[in-house]
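Per-entry structural report
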Amino acid sequence: MKKILVIDDMKSFREQIISILSSEGFDVIGADDGLKGLEIAKEYIPDLIICDIMMPEIDGYQVLNKLREHDETSTIPFIFTTVKSEREDVRQGMSLGADDYITKPFTAQEIITAVKTRLSKRDTLNQHYTTIAEQVTKERLQYLLSTCPAVIYSCSPSDWNKFTYISNNITTLLGYSPEEFVNEKNFWNNHIHVSDLTGVLSELSRMKEQTFCTIEYRFLCKNGIYRWIYDERKLILDDLGNPLDIVGSWLDITEKKTAEEDRLRLSTAIEQSVESIVITDTSGNIQYINPAFEILSGYTRDEVTGKNSRIFKSNKHDREFYERMWNTISEGSVWKGLVSNKKKDGTFYDIKTTISPVKDIAGNIINYVAVMYDITSELKMEKQLRQAQKMEAIGTLASGIAHDFNNVLAVIIGYAEMALYKPKSITSKKYYLEQILNSAHKAKDLIVQILSFSRSREEEVKPVKVSTIIRESLKLMKPTLQENIKIRKNLEAKSDIVMADPTQINQVIMNLCTNSIYAMSESGGVLEIGLTDVTLDSYDVASYTDLPSGPYVKLTVSDTGHGMTQEIVERIFEPFYTTKEKGEGTGLGLSIVHGIVKNLRGVITVYSEPWVGTTFEILIPRVECKTGKRGDEIVEIPEGSGTVLFVEDEESVHYMMKEMIERLGYKIISTLNSTEGLKIFRDNYKDFDLVITDQSMPGMTGIELGKEIINVSPSTPVLLLTGFNDFFTQDSLLSSGIKKFLVKPVSFNELSETIRILIQKAKEK
């Protein structure tokens, strides 16, 4: 029933119109002024409005204006009534949006005709709009179905295989046409993977209770490949709860499933990996550790998650080491190196580490992944191998050492005898003594070289001049050479300083030279040692693995011996591999050389041709700095004053050093017994400015004596003398309270300067 609103302040006209339209079956509402009419229109939304123009409060024009301002009333048909028939009123009303007008007085038929005409036009227009909307909706739906990545379908609630509709994009998804699903019996059921079918049917059987389900299964495509399908179904019910239809969608989730499987496979691999893996955020805060790292570090995952990775620091690396590491990875590059870390129980372990940045799609670093391999045992074994190889080389050098040492002794004995047996003059005697002193220093240097080469100790990395070590090594080796083997030196490097342990550089040179000499032992030849400084650019280092561009020292050792085949060249750096006869070598030498060069961040290559010769080439990073230089010359011997307690059990050394100390101006009290020395100090400790003690003594060592003395008088400095310093360092002595140690034999000026400095520092406190 159509609703009509009549607005007129004249009751007679208003009631007349209401009566006429009501008799025609319309639902008519009246309002006696414009404001009330607006309220009714907004609340009831009539199908048509008849309004007088001339009214108090607001006129018909104003009512029309306000109705047209609101969407819900803007399209309601509007008919004006007026007692005037002037064209100006009609024109103004129509210009405001009125649909028609009626002039008072009017007949019933005029009212009925105007109303029905306007309502009919509106119904026709609404039908037109509805048709357009339906067409738009249909086209929109077709467009959505054709572009939607999901396949839309409907099927029978009583038979899952009876499809009533499938969208055309099924062909894109699975390769089949919609007709194949709709027309062929059991088409869908027969193409589900046999392993998934039971679960799918079980899930579908519960749809009557839950009316909605989601299933994932593999479906055989037309090309013979299974794709993972995400199936989402909805059971449609009527008002009585009876099933009408099933509508649903299929979505291809193969890539998602593959990614999930890849993630699971990767997660399983990481969890079961024997290599330790740690993932941190960009600040180094730990987000994940795998079980292998739990075993390695002694920490559980819960104990370290959220904490910073510096909890593993061993303090064996300086700040620059970590700064270089962080600068590398924060710039997006991969860092590789050897790291010493600390376990939960405080013990240390060494790990070969690779740290890689993880980036998001935009290229921003979001995580760091560290993959670590525990090489603690390997490093320990490597040190043992190096020591064994050193001892092998010592055997080779024995005759050369004996030759040099005998020459030194010959000079000392000869000049000493001439000094005792009627020297020609005071000048001659002085010359004899100078030669004896010079030869004694040579003997001392020789012993230092032998001990530093053979002893087992921690590496001492410092700036090293390679050419100096080459000359010293060749000097030791020269006496062992056969007459048919010549040495040729080409030390052309202007700058040859590297950061290394001098003993290791010595070991590399001795090893390579020894092998070359062995290769020429039968027919002789030339041993050539070259040293140059080079700067490699990115093109030069392309043929090497993990070698950065920059300055290097290049060491070459060549021989004209019997050479090697390619098969032998490929194995020479393997531990225990040797081509020497049984008993002539352990096979450790070149493997040790390879390890040393690698630890120095360098490379070693070998070129060899049978019966032509062999060339080893080593590149080690070069640094720009100066090495220290020792001077043994006695320039000036400063004297001093004070009282010294001297303890030495070897009589010849005891009385010689006692006289040296007295000659320096000090009052000295000495003893050959460490126990007696401790008693003397306890009884008179206030009288002594310094205690000098030998290390190796029966009953009580020098370190033990020093600790007892420091317990009695912490302010008294203790100077330790030793034949060699294998068992302690300056740091370990300082921790026990001993201020300084000197290695015997001690020169006059070295002893003088040390005593003076120790006494002076003690008095300043």
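These notes cover the structure that comes with them. (Residues numbered from 1 in each chain as written. Predicted model: local features only at pLDDT ≥ 70, side-chain atom pairs only at ≥ 80, totals over all residues. Heavy atoms only, no water.)

Some details on the pairing of strand β23 (residues 643-647)
Of all five residues making up β23, five are buried, and the element is well covered by its neighbours. Here β23 shows a buried face lined by T643, L645 and V647 and a second buried face lined by V644 and F646. Pairing geometry for β23 and strand β24 (residues 667-671), over five bridges, is parallel. Bridge pairing in β24 places V644 opposite I668. Handedness of the β23-helix α21 (residues 651-663)-β24 crossover: right-handed. Bridge analysis of β23 against strand β25 (residues 690-694) gives four bridges, and the strand direction is parallel. (Buried < 20%, exposed > 50% of the residue type's maximum accessible area, 1.4 Å probe, protein only. Helix = DSSP H or I, 4+ residues; strand = E, 2+ residues; numbered from the N terminus. Pairing = 2+ DSSP bridges. Right-handed = clockwise from strand over helix to strand, strands pointing away.)

Topic: helix α2 (residues 34-44)
Within the sequence span of α2, burial applies to G34, G37, L38, I40 and A41. The buried residues of α2 occupy an angular sector of 170° when projected down its axis, which confines them to one face. Relative to its buried face, α2 has exposed residues pointing more than 90 degrees away, namely E39 and E43. For α2, the elements touching its buried residues are β1 (3-7), β2 (27-31), β3 (48-52) and α3 (60-68). (Arc of directions from axis to C-beta. Contact = heavy atoms within 4.5 Å.)

Examining the packing of aromatic side chains
Tallied over the entire structure, the rule returns 22 aromatic pairs. The interplanar angle of 80° and the centroid separation of 5.9 Å between the aromatic rings of W188 and Y217 together place this pair among those described as edge-to-face. Here Y217 lies in strand β8 (residues 212-220) and W188 lies in helix α8 (residues 187-190), a separation of 29 residues in the sequence. With relative accessibility at 1%, the residue W188 sits in the buried group. Residue classification places Y217 among the buried positions, given a relative accessible area of 0%. On the numbers, 5.1 Å between centres and 75° between planes, the contact of F293 with F312 is edge-to-face. Separated by 19 residues along the polypeptide, F293 in helix α12 (residues 291-297) and F312 in the loop between α13 (301-304) and α14 (319-330) bring together distant segments of the chain. (Phe/Tyr/Trp six-rings, centres within 6.5 Å; stacked < 30°, edge-to-face > 60°.)

Some details on a nonpolar patch on the surface
On the surface, I236, L244 and V247 cluster together into a nonpolar patch covering about 230 Å² of accessible area. Assessed through its relative accessible area of 53%, L244 is described here as exposed. (Patch = residues over 30% accessible without salt bridge, like charges linked within 9 Å, V, L, I, M, F, W, Y side chains within 5 Å. Areas by Shrake-Rupley, 256 points an atom, 1.4 Å probe, with all protein chains shown as cover. Salt bridge = Lys/Arg side-chain N within 4 Å of Asp/Glu carboxyl O.)

Focus on the sheet that holds strand β9 (residues 226-237)
Sheets are built from strands that pair by backbone hydrogen bonding, the pairs being arranged parallel or antiparallel. Taken together, the five strands give an open sheet; going across it, the order is β7-β6-β10-β9-β8, and neighbouring strands pair in antiparallel fashion. What marks the edges here is a single partner per strand, and that holds for β7 (163-166) and β8. Sheet twist, expressed as the mean angle between neighbouring strand axes with direction ignored, is 25°. Of the strand pairs in this sheet, strand β6 (residues 151-155) and β7 are connected by three bridges, and their pairing is antiparallel. Of the residues in β7, the one forming a bridge with C155 is F163. The strands touched by helix α9 (residues 194-204) are β8 and β9; relative to β8, the strand with the most contacts, the crossing angle is about 160°. The sheet strands contacting helix α11 (residues 254-272) are β8, β9 and β10 (243-252), and the helix crosses β9 at an angle near 120°. (Axes fitted to C-alpha atoms, helices over the stretch in contact; angles between N-to-C directions.)

Some remarks on the sheet that holds strand β4 (residues 78-82)
Pairing within the open sheet is parallel, and its five strands lie in the order β2-β1-β3-β4-β5. Among the strands making up the open sheet, the edge pair consists of β2 and β5 (100-103). Pairs of neighbouring strands in the sheet enclose a mean axial angle of 20°, with direction left out of account. With four bridges connecting them, β1 and β3 associate as parallel partners. Among the inter-strand pairings, V6 is bridged to a residue of β3, identified as I50. Contacting β1, β3 and β4, α3 runs over the sheet at an angle of about 170° to β4.

Describing the environment of I18
As for its placement among the helices and strands, I18 is situated in helix α1 (residues 11-23). Along the primary structure I18 and V28 are separated by ten residues, whereas in three dimensions their C-alpha atoms are 5.9 Å apart. What I18 contacts, discounting residues up to four positions off in sequence, is V6, V28 and G30.

Functional significance is not addressed by these values, which are geometric in nature.
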